[in-house]
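Remarks on the overall topology
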Amino acid sequence: MPEAESYDLIIVGGGPAGAASTLYAKRQGLKVLLVDKARFPRDKICGDALSGKAVAILHELELLDKMQDLPGATIGTVVFGSPDQVDINIDLRTHEHRDLLTGKVMPMKGFVIRREIFDNFLFEEARRVADTCIEEFTVKDLLREEGRTVGIVGTTNSETREFKSKLVLGCDGFNSIVSRKAGLYDHNGRHWIVALRCYYENVADLSDQIELHFVDEVRPGYFWIFRLDNGQVNVGIGMVHDAMKRRNINLKDALDQVISRPPFAERFRNAKPLEKPVGWNLPVGSKRRKIHGDGFLILGDAA
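To keep things clear, this report deals only with the structure shown in the data block. (Residues numbered from 1 in each chain as written. Predicted model: local features only at pLDDT ≥ 70, side-chain atom pairs only at ≥ 80, totals over all residues. Heavy atoms only, no water.)

**Some thoughts on the pattern of salt bridges**
Considering all chains together, one arrives at 27 salt bridges under this definition. In this structure, lysine 26 and aspartate 131 form a salt bridge, with 2.8 Å as the shortest nitrogen-oxygen distance. In this pair, lysine 26 sits in helix 1 (residues 16-27) while aspartate 131 sits in the loop between helix 4 (115-129) and strand 10 (132-134), placing the two residues 105 residues apart along the sequence. Among the residues examined, lysine 26 registers a relative accessible area of 24% and is labelled partly exposed. For aspartate 301, the salt bridge identified is with lysine 44, shortest N-O distance 4.0 Å. Of this pair, aspartate 301 sits in the segment after strand 21 (296-298) while lysine 44 sits in the loop between strand 2 (32-35) and strand 3 (49-50), and the two are 257 residues apart along the sequence. Accessibility expressed as a relative area gives 31% for aspartate 301, which makes it partly exposed. A cluster of three or more residues bridged by salt bridges with shared partners is formed by Arg39, Glu124, Arg127, Glu135 and Glu136. (Salt bridge = Lys/Arg side-chain N within 4 Å of Asp/Glu carboxyl O. Helix = DSSP H or I, 4+ residues; strand = E, 2+ residues; numbered from the N terminus. Buried < 20%, exposed > 50% of the residue type's maximum accessible area, 1.4 Å probe, protein only.)

Dropping the structure here:
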């Protein structure tokens, strides 16, 4: 095996956490290697919504104007629905958002952009500035010297390669190999949500809102309707994992039940699914856990 190339920073995972980390690191003049096991563009099962915090980071990275040109929907209202079908509508446009990074005050608004589109946009911005970017690279282990993490070893095109760095960032999602190899992988059913997403068209009564409805079928959890571009909608349902298992809930059945009953049945009367529902694990921030060690740091869903 050839001698390992050396970097200031190795970032494992090219999703939003890894791409943003790359962009921030290059602002500091660091030599960065960015690797991902996939080839972009790739889908990421998600609700596709970008909140005010994400908008603030995009603004700080000077990417907000470019991002707003992507196909998607601009959100001005958030609707929260109770199990008793009482809705609260929050008009974001009546508020301002002060960016804690820059101190600038920005109008409050959100966006819904398919992750396949948004993640690829952000990844390409990161690829442009990274010193080296390798797709379809599967990390197998962390390199260690005297107990300190000093790099990674993995495979690409059936070739095993090693890279060294002063710091490794694990931005590689819920099943993070960096977290596992560092001995910090710790997920339990109280602290993640299992969710389904399905894209639809012809859902009625849409405006500039995203909707989160707390429905009896998946308590604790919620059902969402997020408007996209071209008349399409991201529809999904999710529930805390241990409660779902305890109550023996089938999320596909729960989704069918919700959209077949009031107050949603009329809105979905002419709706057409554009895919079969697809599921994923959504870690939440309710559990405090160690996310760093000598030579590594874990970010994003991995954390």
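**Points about helix 2 (residues 52-60)**
Along helix 2, the residues classified as buried are Val55, Ala56, Leu58 and Glu60. In the stretch just after helix 2, glutamate 62 is the one whose phi turns positive, near 60 degrees.

**Here's the deal with the nonpolar core**
Here is a general trend for soluble globular proteins: nonpolar side chains tend to be buried in one another's company. The biggest cluster of nonpolar side chains holds 27 residues, and the ones touching the most others in it are Met67, Phe118 and Leu122. If you list the elements that add at least two residues to this core, you get strand 1 (5-12), helix 1, strand 2, helix 2, helix 3 (64-67) and helix 4. Here this core gets five residues from one element, more than from any other, and that element is helix 4. Cys198, Ile237, Ala243 and Leu251 belong to the second largest nonpolar core, which has 25 residues in total. (Core = buried A, V, L, I, M, F, W, Y, C linked by side-chain atoms within 4.5 Å.)

**Focus: a nonpolar patch on the surface**
On the surface, Phe80, Ile88, Ile90 and Phe214 cluster together to form a nonpolar patch covering roughly 320 Å² of accessible area. In this structure, isoleucine 90 sits in strand 6 (residues 87-91). A relative accessible area of 33% means that isoleucine 90 is categorised as partly exposed. (Patch = residues over 30% accessible without salt bridge, like charges linked within 9 Å, V, L, I, M, F, W, Y side chains within 5 Å. Areas by Shrake-Rupley, 256 points an atom, 1.4 Å probe, with all protein chains shown as cover.)

**Brief notes about helix 7 (residues 251-259)**
For helix 7, every residue scored as buried is listed here: Leu251, Ala254, Leu255, Val258 and Ile259. Angular distribution of buried residues about the axis of helix 7 spans 120 degrees; they occupy a single face of the element. Tucked inside the fold, the buried residues of helix 7 contact strand 14 (192-201), strand 16 (221-227), strand 17 (232-240) and helix 6 (241-247). A side-chain oxygen of the first residue of helix 7 lies 3.0 Å from the backbone nitrogen of lysine 252; this N-cap is asparagine 250. (Arc of directions from axis to C-beta. Contact = heavy atoms within 4.5 Å. Polar contact = N/O pair within 3.5 Å; in protein donor to acceptor, adjacent residues only side chain to side chain.)

**Details of the sheet that holds strand 4 (residues 73-75)**
Here three strands make up an open sheet; going across it, the order is 3-9-4 and the pairing antiparallel. Edge positions in the open sheet fall to strand 3 and strand 4, since each of these has one partner strand only. Strand direction decides the pairing type here: strand 3 and strand 9 (residues 110-112), joined by two bridges, are antiparallel. Its bridge partner being in strand 9, leucine 50 is matched across the sheet by phenylalanine 111. (Pairing = 2+ DSSP bridges.)

**Looking at the packing of aromatic side chains**
Within this structure, the stated rule accounts for 13 aromatic pairs. The interplanar angle of 70 degrees and the centroid separation of 6.0 Å between the aromatic rings of phenylalanine 214 and tyrosine 222 together place this pair among those described as edge-to-face. For phenylalanine 214, a relative accessible area of 33% translates into the label partly exposed. With relative accessibility at 24%, the residue tyrosine 222 sits in the partly exposed group. Every member of this aromatic cluster is reached through a ring pair, and the members are Phe214, Tyr222, Trp224, Phe226 and Trp280. The ring centre of tyrosine 7 lies 4.9 Å from the NZ or CZ of lysine 31, which sits over that ring. Across from the ring centre of tyrosine 185, 3.8 Å away, lies the NZ or CZ of arginine 180, which sits over that ring. (Phe/Tyr/Trp six-rings, centres within 6.5 Å; stacked < 30°, edge-to-face > 60°. Lys NZ or Arg CZ within 6 Å of the ring centre and 35° of its normal.)

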